[in-house]
Amino acid sequence: MTDSTTSGTFSAEEKRAMKARAKELKAAQGKAADAEAQVEAIAKLPDDERALAERMRDMVVAAAPQLDPKTYYGFPAWARDGKVVCFFKPKSKFKVRYSTFEFDTAASLDDGAVWATAFAVHPEMTADDEAMLAALVTKAAG
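To keep things clear, this report deals only with the structure shown in the data block. (Residues numbered from 1 in each chain as written. Predicted model: local features only at pLDDT ≥ 70, side-chain atom pairs only at ≥ 80, totals over all residues. Heavy atoms only, no water.)

1. Re the overall build of the protein chain
For the protein chain, the count of helices and strands is four helices and five strands. Of the regular secondary structure in the protein chain, the N- to C-terminal order runs α-α-α-β-β-β-β-β-α. Put simply, the protein chain shows about 9,000 Å² of open surface, and 55% of that area lies on carbon and sulfur atoms. (Helix = DSSP H or I, 4+ residues; strand = E, 2+ residues; numbered from the N terminus. Areas by Shrake-Rupley, 256 points an atom, 1.4 Å probe, with all protein chains shown as cover.)

Okay, here's the thing in structure tokens:
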């Protein structure tokens, strides 16, 4: 085994450590970019949808702070290990009557043979409605 302090080269262990650190830094940059993309996606929404998206963001962060913010097809979303768990779909994207808060396949919501994965959300939703969604987000986040 060669000592890197005397040979002027890096040992295999040092090289592995440097590669691991580079990977960590790249992942951190990606997460920061994803979080910024989410902020930008929310900022572009019409006023009523932006307020609802911000409310959903605050709810998700409180219920499952371990989820990472990102976008999913341009929608504000939250992921675990790079896989989308839940997302907010604004009504203006498809010119429909209501926005939805949805769970993707990475969500841990399985409950018997049938379970809900999407909920219509409206600016008039109550604190009880939000608490119900927050409980599902906590469960979905694993």
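From this point, the narrative continues.
2. Concerning the packing of aromatic side chains
Counted according to the given criterion, the structure contains seven aromatic pairs. Ring plane angle 70° and centroid distance 4.8 Å describe the contact between Y72 and Y73, whose orientation is recorded as edge-to-face. With relative accessibility at 21%, the residue Y72 sits in the partly exposed group. Overall, the relative accessible area of 71% leaves Y73 in the exposed class. Between the aromatic rings of W78 and F101, the centroid separation amounts to 6.4 Å while the plane-to-plane angle is 40°, which identifies the pairing as tilted. Here F101 lies in strand β4 (residues 99-103) and W78 lies in strand β2 (residues 75-80), a separation of 23 residues in the sequence. (Phe/Tyr/Trp six-rings, centres within 6.5 Å; stacked < 30°, edge-to-face > 60°. Buried < 20%, exposed > 50% of the residue type's maximum accessible area, 1.4 Å probe, protein only.)

3. Here we look at the pattern of salt bridges
This model, assessed by the stated rule, comprises seven salt bridges. Across the pair K91 and D48 runs a salt bridge, and its minimum N-O distance is 3.6 Å. Here K91 is found in the loop between β3 (83-89) and β4, whereas its partner D48 is found in helix α3 (residues 47-63), with 43 residues between them in sequence. For D48, a relative accessible area of 37% translates into the label partly exposed. Across the pair E130 and R55 runs a salt bridge whose closest N-O atoms are separated by 2.6 Å. Highlighted residues: E130 in helix α4 (residues 127-140) and R55 in helix α3, separated in sequence by 75 residues. Residue classification places R55 among the partly exposed residues on the basis of a relative accessible area of 23%. (Salt bridge = Lys/Arg side-chain N within 4 Å of Asp/Glu carboxyl O.)

4. With respect to the environment of E124
Within the secondary structure, E124 sits in the loop between β5 (118-121) and α4. By relative accessible area, E124 is classed as exposed at 66%. Distance in space between the C-alpha atoms of E124 and L52 is 9.4 Å, their sequence separation being 72 residues.

5. Comments concerning the environment of I42
Examined against the element boundaries, I42 turns out to sit in helix α2 (residues 12-43). Judged by relative accessible area, which is 1%, I42 ranks as buried. Linking I42 and T71, residues 29 residues apart in sequence, is a C-alpha distance of 9.7 Å. The contact partners of I42, leaving out residues within four places of it in the chain, are R50, A53, E54, R57 and P76. (Contact = heavy atoms within 4.5 Å.)

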